[in-house]
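# Reading the structure
What follows is each chain in one-letter form.
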Amino acid sequence: MLALADTPMPTPTMTVDPKLVTPGFVGFAVVVVLVVVVILLILDMNRRIRRVRYREEVREELDAEEAARAADEATETDADLPITREGDDDPLTR
């Protein structure tokens, strides 16, 4: 174990000039453009999700109003019907 600890680690030598392999201004510009595009996509996605949610709420409200209206009409038409008794053929002659 001590033999492995005493072995020096080789240091890598630079074969390429570090100034030649940096991204420079073009790399910075590409990253900035990507960040702006991602932010715009996130904002657009949030707007669309909000719009879908709002449409769902409106649709539920309209369905509830339609169901209430149908229930009101059903009770009104039931109240307008003449009452018939068993064995009574003509509801007008009571």
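Notes on the structure in this doc start here. (Residues numbered from 1 in each chain as written. Predicted model: local features only at pLDDT ≥ 70, side-chain atom pairs only at ≥ 80, totals over all residues. Heavy atoms only, no water.)

## Let's talk about the pattern of salt bridges
Rules: For salt bridges, the criterion is a side-chain nitrogen of Lys or Arg within 4 Å of an Asp or Glu carboxyl oxygen. A run of H or I in DSSP counts as a helix once it spans at least four residues, and a run of E counts as a strand once it spans at least two, with each numbered from the N terminus. With a 1.4 Å probe rolled over the protein chains alone, any residue whose accessible area is under 20% of its type maximum counts as buried; one over 50% counts as exposed, and the rest are partly exposed.
With the rule as written, the count across this model stands at three salt bridges. A salt bridge links aspartate 44 to arginine 47; the shortest N-O distance between them is 2.6 Å. With aspartate 44 and arginine 47 both in helix 2 (residues 24-80) and three residues apart, the pair spans about one turn of that helix. For aspartate 44, a relative accessible area of 23% puts it in the partly exposed group. Residue arginine 47 is classed as partly exposed on the basis of its relative accessible area, which comes to 41%. Arginine 59 is paired through a salt bridge with glutamate 56; the nearest N and O atoms lie 3.5 Å apart. Remark: glutamate 56 and arginine 59 occur in helix 2; sequence separation between them is three residues, near one turn of the helix. Exposure remark for glutamate 56: the relative accessible area of 39% places this residue in the partly exposed category. Each member of the salt-bridge network shares a partner with another, and the members are Asp44, Arg47 and Arg48.

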